[in-house]
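Architecture and fold: a report
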Amino acid sequence: MFSHEGPARNARSNSVLAGYLAFVAGFANAAGFVLFGAFTSHVTGNVARVSASVARGDIKGAEQAGVLVAVFLLGAVTASLLVETNLFRRTSSAYGAALLVQGGLLSAFVVTDAASLLSFAGDAYLNEMGITNRLQPDEVTKLCNTVSEPNDTPGADGLSDIDHFARFIRATKAPARDSQLASSALAMKGNALFVKIGCATCHVETLTTAPAGTKIDGGTFTIPAALGSVTFHPYADFLMHDVGTGDGILQATREHYGKKVFQMMSAYLAKQDFESSRNKIRTAPLWGVRLRPRLMHDGASLTFHDAIVRHAGEAAHVTQQFEKLKPDDQEAIIQFLKSL
Ligand code: HEC
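All figures in this text were calculated on a predicted structure; none of them were measured in a lab.

1. Regarding the overall build of the protein
Helix and strand counts for the protein stand at 14 helices and eight strands. Within the protein, the fraction of its 340 residues that count as buried is 16%. Sequence separation of at least 24 residues holds for 59% of the intrachain contacts in the protein that already meet a minimum separation of 6.

Okay, structure coming up:
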């Protein structure tokens, strides 16, 4: 398909090639959207964004959209040059080289943005306790200006408070399951129903940590052997969802993160990412949930049944499935939760 030219270039090879190209374009768009909050290969859309941003006086937005269009055109010209050169030289795979270059560039874009207990500790030190640290070095003054002054400096062992704090949390264990209840027929049936009706799409049963040696937090933390490739059962995806329980309060980004927020916005988060968080809550991990007397982030649900039927928004369809279950089946899910 990559080498067909002249009479060999038939409708079949065209449609296979079109399928691959559509996949690559779709992947580039999806990855671009996740990373930058924009459809990277949507030329007309980005041209419209340039004019809309100029009209709003958002020069940075206009620049970003303009760069996307320019990069797209540059990519198209480079690919055509590669293809034409290969056709001229009668290289066996005229299109393969262009696709390989594109694939290489795309894989360079597949970056992971990992949150960790250390970044959580850094954030909590600043935003809950007002202590600046190396991950959040900006002190926000009363006038909302920022001055750089990390309060949390390393001790003689080279570790600062946030490192000790993160180590302490890493060393704490989730309570073990109630093995007797977990092996009862009712809880096992509840487990199957929990997966079947879709609770497990957010309350993911099993996760595995990245391999030892992986660098996260912008390269500031290397996963040690003890934490690498560990399989655990949190019953959570640790992601943010709008399940209708949010308070609608948007984090005041500049006051919260200081000037660094603009770096974050231009590097890997779009303004919409911050704004879309206003009603989102992190999926509560359900390990040890049987020991919690109050449920949901506001503690307003006192029974498992109440907590489940409060799930709306992104979980509305799953809640409907739960409500449609026979009382016995609902009870099975609750028994399963009691075994966690
Ligand atoms: C779209 C994602 C999603 C789905 C689907 C979902 N949940 Fe949740 N669940 C959440 C989020 C987010 C929270 C935290 C909400 C809050 O704190 O306000 C939560 C909280 C809970 C809690 C409270 C835990 C605690 O410690 O407070 C329970 C119990 C629970 N879910 C059970 C279920 C069950 C059972 C189902 C299936 C019927 C389900 N969830 C489906 C996202 C989801």
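2. Examining the environment of His164
Along the chain, the position of His164 falls in helix H6 (residues 161-171). Judged by the 13 C-beta atoms lying within 10 Å of it, His164 falls in the partly exposed class. Along the primary structure His164 and Ala121 are separated by 43 residues, whereas in three dimensions their C-alpha atoms are 9.4 Å apart.

3. A closer look at the nonpolar core
Leu286, Ile333, Phe336, Leu337 and Leu340 are the most contacted members of the largest nonpolar core, which totals 17 residues. Secondary-structure elements contributing two or more residues to this core are helix H8 (185-196), helix H13 (316-324) and helix H14 (327-338). Here this core gets four residues from one element, more than from any other, and that element is H14. Ignoring anything within four residues of it in the chain, the contact list for Leu337 reads Leu286, Val289, Arg290 and Phe304. Counting residues in each nonpolar core, the second largest holds seven residues, with Leu118, Tyr125, Leu135 and Ile162 among its members.

4. Remarks on the environment of Lys196
Mapping Lys196 onto the fold places it in helix H8. You can call Lys196 exposed: it has 12 C-beta atoms within 10 Å. Distance from Lys196 to Gln321, taken between C-alpha atoms, is 9.5 Å for residues 125 residues apart in sequence.

5. Observations regarding the site of the ligand
Near the ligand lie 29 residues; those nearest to it are Cys199, Cys202, Thr245, Ala284 and His297. Of the residues forming the shell around the ligand, the biggest block, three residues, is contributed by helix H12 (residues 304-310). Residue classes in the shell around the ligand are distributed as 19 nonpolar, eight polar and two charged.

6. Some details on unusual backbone geometry
The phi dihedral of Tyr235 falls on the positive side, at around 55°, and the residue is not glycine. Mapped onto the fold, Tyr235 is located in the loop between strand S6 (231-232) and strand S7 (240-241). The buried category is assigned to Tyr235, around which 24 C-beta atoms lie within 10 Å. For Met296, which is not glycine, the phi torsion reads 70° and is therefore positive. Mapped onto the secondary structure, Met296 falls in the loop between strand S8 (281-282) and H12.

7. A short note on H6
When we look at burial in H6, the residues that qualify are Ile162, Asp163 and Phe165. Mapping the buried residues of H6 onto a view down its axis gives an arc of 165°, with all of them on the same face. In H6, the exposed residues that point more than 90 degrees away from the buried face are Phe168 and Ala171. Close packing links the buried residues of H6 with helix H5 (117-129).

8. Observations concerning the packing of H8 against H14
Remark: H8 packs on H14, axes separated minimally by 7 Å, with the N-to-C direction vectors making an angle of 100°. When the axis of H8 is compared with that of H14, the two are roughly perpendicular. From H8, Leu186, Ala187, Lys189, Gly190, Asn191, Leu193 and Phe194 reach across to H14, where they touch Asp329, Ala332, Ile333, Gln335 and Phe336. Its residues assigned to classes, the contact of H8 with H14 shows seven nonpolar, three polar and two charged.

9. Quick notes on H14
Here H14 contains twelve residues, and its C-alpha end-to-end distance of 16 Å stays within 8% of the 16 Å for a straight helix at 1.5 Å per residue. Among the structural elements, helix H7 (179-182), H8 and H12 are those in contact with the buried residues of H14.

10. Examining the packing of H5 against H6
Running from N to C, H5 and H6 cross one another at 125°; their axes reach a closest spacing of 9 Å. Looking at the two axes, H5 sits oblique to H6. In this structure, H5 crosses over H6, and the sense of that crossing is right-handed. Along the contact surface, H5 presents Leu117, Leu118, Ala121, Gly122 and Tyr125, while H6 presents Asp161, Ile162, Phe165, Ala166, Ile169 and Arg170. Of the residues that constitute the contact of H5 with H6, the class distribution is eight nonpolar, one polar and two charged.

Cut-offs applied
Residues numbered from 1 in each chain as written. Predicted model: local features only at pLDDT ≥ 70, side-chain atom pairs only at ≥ 80, totals over all residues. Helix = DSSP H or I, 4+ residues; strand = E, 2+ residues; numbered from the N terminus. Buried ≥ 20, exposed ≤ 12 C-beta atoms within 10 Å, placed from the backbone. Contact = placed C-beta atoms within 7 Å. Core = buried A, V, L, I, M, F, W, Y, C linked by C-beta atoms within 7 Å. Near = placed C-beta within 6 Å. Nonpolar A, V, L, I, M, F, W, Y, C, P; charged D, E, K, R; others polar. Arc of directions from axis to C-beta. Axes fitted to C-alpha atoms, helices over the stretch in contact; angles between N-to-C directions. Parallel < 35°, antiparallel > 145°, perpendicular 65-115°, else oblique. Expected span 1.5 Å × (residues − 1). Left-handed = near helix turned anticlockwise from the far one by under 90°.

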